[in-house]
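Examination of the molecular architecture
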Amino acid sequence: QPAAPGGGNVPASGDVILLGQVGALTGGQATFGISTRNGIEMALKEANAAGGVKGKKLAIRVYDNQSKPEEAAQATTRLITQDKVAIILGDVASSNSLAMAEKAQAAGVPMITPSSTNTTVTQKGDYIFRVCFIDPFQGYVMAKFAREDLKLNKVAVLQDNKSAYSIDLSDVFTRKFTEMGGKITTTESYSQGDTDYRAQLTAIRKTQPDGIYVPGYYSEVGVIARQAREVGLKVPLMGGDGWDSEKLFELGGSAIQGSYFSNHYSPDNPDPRVQKFISEYKATYGGVPDALAALGYDAARVAIEALKRSKDLSGPAVRDAIAQTKDFPGVAGTITLDDKRNAVKSAVVLKVGDGKTEYVTTVNP
Ligand code: PHE
């Protein structure tokens, strides 16, 4: 049963346009899927309150991929063949989106990932879009910040070998940091789900770096931060958008404070549009929305606008309408899709504080 606008279940009927979401609602990336779902739900409620699209109400069918690519692929197939959704939204983790994009492209069903940054995701084909920046930019942003703002000379890298996102971001950071005159002392790796990082961290300590780049997800990064301090590493940690979760503060405790990561959005952005989104989100879901919630909201709104503009609800027509997205006012930045179906946007650098992030700077493409 597809979920009704704003929750609950209604049977699919001619009066409903069904969208689909595949996301991690359980597993090591659970806050990613949940935040994204909240953002999408908010956008749908607003659109339905304003009359829906083409005389129909919007509804969303959500499947949990348990933070696993194989599950993401299967859920996508279900959305396509069983639920016959008009657009697929998701996922967050690039490895999951890559598995989904394969299926969506083959079936000719448009897919918009709110937040997967790995370059190859949208290269899967002309039905695959994203409303966020890509990792070559994000890697550059942190390399520049490490070199020019933190004035670091020697940085060690600790990457997640099970994540397309982490491997790529590690490569980009290494290339950019080296080009800017810095030195990478060592590159160590782990596998998503590991719990003991002391061997890698001890190897890193021996190279005496003045910073450590950890392009992973919050569930591992929080633990890595604690163990880094345990083995005597006192230098700042740096990372990318994968750190963004309320859980990071809990998992990392005081060990993660004073570290930095690049991200899509800062809750401190004074823009009234952003603050309005934050206060409405808080009222409904409690807690400050993270970048996933903001990008989920933006992706759903881009999808809805495209459905309005599209001449009909067929795959090719909807795809063409999405591709024409231009100067769209998102809460995580203005969205214009380029000819590679990526959004070109600025990034922010955030500092991890006590239970919240602090805005540091914005870097434009
Ligand atoms: N960019 C990450 C990826 O591609 C996902 C992510 C986005 C995580 C934003 C947190 C915040 O895997």
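Residues numbered from 1 in each chain as written. Predicted model: local features only at pLDDT ≥ 70, side-chain atom pairs only at ≥ 80, totals over all residues. Heavy atoms only, no water.

A closer look at the packing of helix α4 (residues 135–149) against helix α5 (residues 164–179)
For the pair α4 and α5, the least separation of the axes is 8 Å and the interaxial angle reads 45°. One finds that α4 runs oblique with respect to α5. Both α4 and α5 take part in a crossing whose hand is right-handed. Here Asp135, Pro136, Gln138, Gly139, Tyr140, Met142, Ala143, Ala146 and Arg147 of α4 lie close against α5, whose contacting residues are Tyr165, Leu169, Val172, Phe173, Lys176 and Phe177. A breakdown of the residues in the contact of α4 with α5 according to their chemical character gives 10 nonpolar, two polar and three charged. (Axes fitted to C-alpha atoms, helices over the stretch in contact; angles between N-to-C directions. Helix = DSSP H or I, 4+ residues; strand = E, 2+ residues; numbered from the N terminus. Parallel < 35°, antiparallel > 145°, perpendicular 65-115°, else oblique. Left-handed = near helix turned anticlockwise from the far one by under 90°. Contact = heavy atoms within 4.5 Å. Nonpolar A, V, L, I, M, F, W, Y, C, P; charged D, E, K, R; others polar.)

Looking at the environment of leucine 79
Within the secondary structure layout, leucine 79 lies in helix α2 (residues 69–83). Note: C-alpha distance between leucine 79 and tyrosine 63 (16 residues apart in sequence) is 8.5 Å. Ignoring anything within four residues of it in the chain, the contact list for leucine 79 reads Gly20, Gln21, Val22, Arg61, Tyr63, Lys84, Val85 and Ile88.

Some thoughts on empty space enclosed by the protein
Under the defined criterion, the tally for this structure stands at one cavity of 30 Å³ or more. Estimates place the volume of the largest cavity at around 120 Å³. If you go around the largest cavity, you meet 16 residues; those closest to its centre are Val92, Ser115, Asp241, Gly242 and Leu292. (1 Å grid on protein atoms, 1.4 Å probe; cavity = no way out; pocket = protein on both sides within 12 Å on 5 of 7 lines; lining within 4 Å. Points joined across faces, edges and corners; volume = space filled by probe spheres on them.)

Let's talk about the confidence of the model for the protein chain
Taken as a whole, the protein chain shows an average pLDDT of 95; of its residues, 96% reach a score of 70 or greater. Across residues 1–12, confidence stays below pLDDT 50; counting only partners more than four residues off in sequence or on other chains, it has 27 contacts. As a predicted assembly, this complex carries a pTM of 0.94 together with an ipTM value of 0.98. (pLDDT = per-residue confidence, 0-100.)

What about the side chain of asparagine 38?
Tracing the chain through its elements places asparagine 38 in helix α1 (residues 30–49). By relative accessible area, asparagine 38 is classed as buried at 10%. Polar contacts involving the side chain of asparagine 38 include one to the side chain of tyrosine 281, which spans 3.0 Å. Excluding residues within four positions of it along the chain, asparagine 38 makes contact with Tyr281 and Tyr285. (Buried < 20%, exposed > 50% of the residue type's maximum accessible area, 1.4 Å probe, protein only. Polar contact = N/O pair within 3.5 Å; in protein donor to acceptor, adjacent residues only side chain to side chain.)

Quick notes on α5
For the α-helix, the turn length of 3.6 residues means that residues three or four positions removed from each other point alike. Helix length check: α5, at 16 residues, gives a terminal C-alpha distance of 23 Å against a target of 22 Å (1.5 Å per residue), a fit within 8%. All buried positions along α5 are accounted for by Tyr165, Ser166, Leu169, Ser170, Val172, Phe173 and Phe177. Following α5 by one or two positions, glycine 181 has its phi on the positive side, about 95°. (Expected span 1.5 Å × (residues − 1).)

Quick word on the pairing of strand β13 (residues 347–352)
Of all the six residues making up β13, five are buried; the element is thus mostly covered by neighbouring parts of the structure. Across four bridges, strand β10 (residues 260–263) lies against β13 in antiparallel orientation. Each bridged residue has a counterpart across the sheet, and for serine 262 the counterpart in β13 is valine 349. Across six bridges, the pairing between β13 and strand β14 (residues 357–363) is antiparallel. If you follow valine 349 over to β14, its bridge partner there is threonine 361. Linking β13 to β14, which pair antiparallel, is a turn of four residues; within it glycine 355 sits at a positive phi near 75°. (Pairing = 2+ DSSP bridges.)

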